[in-house]
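So the chains spell out like this:
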Amino acid sequence: MSTGRDLSNRPNKIQIKDVSFDYIDKKSRFLALDHVSLDIKEGEFICILGSSGCGKSTLLGLLNGLHKAKSGEILLDGTPIAGPGPDRAVVFQQYSLFPWLTAKENILFGIKQSGKKYTKRERLAKADEYLKNVGLAGAAGKYPNQLSGGMKQRVAVARALALESDVLLLDEPFGAIDPKLRLELQELVSSLCTQAKKTVVFVTHDIDEAILLADRIVVMEPGKIRTVLDVELPHPRKRDKLVGTIEYEKLHRKLISSFYAHVEENIDAEVAL
Ligand code: ADP
Ligand code: MG
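The paragraphs below set out a description of the structure included in this document. Along every chain, residues carry numbers that run from 1 in the direction the sequence is written. The order in which chains are written sets their letters, starting at A; the order in which ligands are written sets their numbers, starting at 1. Restriction of local features to residues with pLDDT of at least 70 applies here, the model being predicted, together with a cutoff of 80 or more for giving and counting side-chain atom pairs; totals for whole chains, interfaces and linings are based on all residues. The basis for the side-chain values is all heavy atoms of the structure; hydrogens and waters are excluded.

Overview of the pattern of salt bridges
And then number 1: The term salt bridge refers to a side-chain nitrogen of Lys or Arg lying within 4 Å of a carboxyl oxygen of Asp or Glu. Applying the stated criterion across every chain, the model contains 19 salt bridges.
And then number 2: The closest approach of N and O atoms between K224 and D34, which form a salt bridge, is 3.2 Å. Of the two residues, K224 sits in strand β10 (residues 224–230) while D34 sits in strand β2 (residues 29–41), which places them 190 residues apart along the sequence.
And then number 3: Only protein chains enter the accessibility calculation, which uses a 1.4 Å probe. A residue is then buried if its area is under 20% of the maximum for its type, exposed if over 50%, and partly exposed in between. Its relative accessible area of 22% is what places D34 among the partly exposed residues.
And then number 4: Of the charged contacts in the structure, one is a salt bridge between R226 and E221, with a shortest N-O distance of 2.6 Å.
And then number 5: Classification of E221 by relative accessible area gives partly exposed; the value is 23%.
And then number 6: One continuous salt-bridge network, built from bridges that share partners, spans K13, D77 and D166. Numbering goes from the N terminus for both helices and strands, where a helix is a DSSP run of H or I of at least four residues and a strand is a run of E of at least two.

Considering the sheet that holds β10
And then number 1: Pairs of strands are assigned from DSSP output, requiring at least two bridges between the strands. Taking strand neighbours across the sheet as the criterion, the 6 strands line up as β6-β7-β8-β3-β9-β10 in an open arrangement whose pairing is mixed. Since the sheet does not close on itself, it has two edges, and those belong to β6 (88–91) and β10, each with one partner. Between one strand axis and the next, the sheet turns by 20° as a mean value, whatever way the strands run.
And then number 2: Residue contacts follow a heavy-atom distance rule, with two residues in contact if any of their heavy atoms lie within 4.5 Å. Axis angles are defined between N-to-C directions and span 0 to 180 degrees, where every axis is a line fitted to C-alpha atoms and, for a helix, only to the segment in contact. Together, β6 and β7 (167–171) form the strand contacts of helix α4 (residues 149–162), whose direction differs from that of β6 by roughly 175°.

Overview of the environment of N64
And then number 1: Topologically, N64 is positioned in helix α1 (residues 56–64).
And then number 2: The spacing of N64 and V91 is 27 residues in sequence and 11 Å in space, taken between C-alpha atoms.

A look at the nonpolar core
And then number 1: Within the largest apolar cluster, 53 residues are counted, with the highest numbers of intra-cluster contacts made by I107, I211, I217 and L255.
And then number 2: Broken down by element, this core gets its largest block of residues, 7 residues, from α4.
And then number 3: In contact with I217, not counting residues within four places along its chain, are C47, L49, A210, I211, T227, V228, L229, V231 and L255.
And then number 4: V19, L60, V201 and V218 belong to the second largest nonpolar core, which has 25 residues in total. Residue types Ala, Val, Leu, Ile, Met, Phe, Trp, Tyr and Cys, when buried and joined through side-chain atoms within 4.5 Å, form a set referred to as a nonpolar core.

Functional significance is not addressed by these values, which are geometric in nature.
Shown next as structure tokens:
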């Protein structure tokens, strides 16, 4: 019988309490989040799954502190989030590297942002270590325009990890990467984040990606959380070992029927056949 990680004794790292958010311009007002609540445990890996336009990026923007809630509040370690800060690292889908800095310099930027008092020698050693961790030891001196899409996202992940924050927020970071490389990056992020005990909020619209990575999957519908599902699969997870197992198929079906709410079926009965 497979089980996921037991995080029940951990304290809450993030508490999203009854949060609503409006996009307002001169002519209109659009309710993008409508009374959303969720507690996230320290060290937990959460995937936010939902179709385009349902408010995933908006929720991440609130966690990042770029947006302010219209009502409700978000607490980080018990304190309301007042704006962006080095306690939360962010990775976006678009490559957000500085084009005028090499891969190593981009990571050094992350290390400096951490505010930790490292000597120059320590910073350089750390940058090399992070490059190595994402499999890019040989690309230290390359500029972003000399790197493939997958390599750029590796550097973006390394730079986010270099911030040494407890919390990592990722918004469809591998959406533009081809499937094979994507799988490699997913497994890399999963193992690095679990080792480093990060609290991770990872936005995706890819069901398989969510199953591979998450302790819990939060399925959104427009403006709301539809359901939250535990992923009872042991780590480390490898896609080729998961696909075809009963636990995987069961969860996959549950997610599909929740993702496409009109698909009604008795999942448990069907899998039992
Ligand atoms: P997702 O990331 O799930 O695709 P978003 O959080 O980006 O969704 O958007 C949620 C909803 O809010 C969408 O309907 C989108 O059109 C709307 N929205 C996003 N950004 C803005 C904005 N700056 N002004 C007005 N509406 C917006
Ligand atoms: Mg989005």
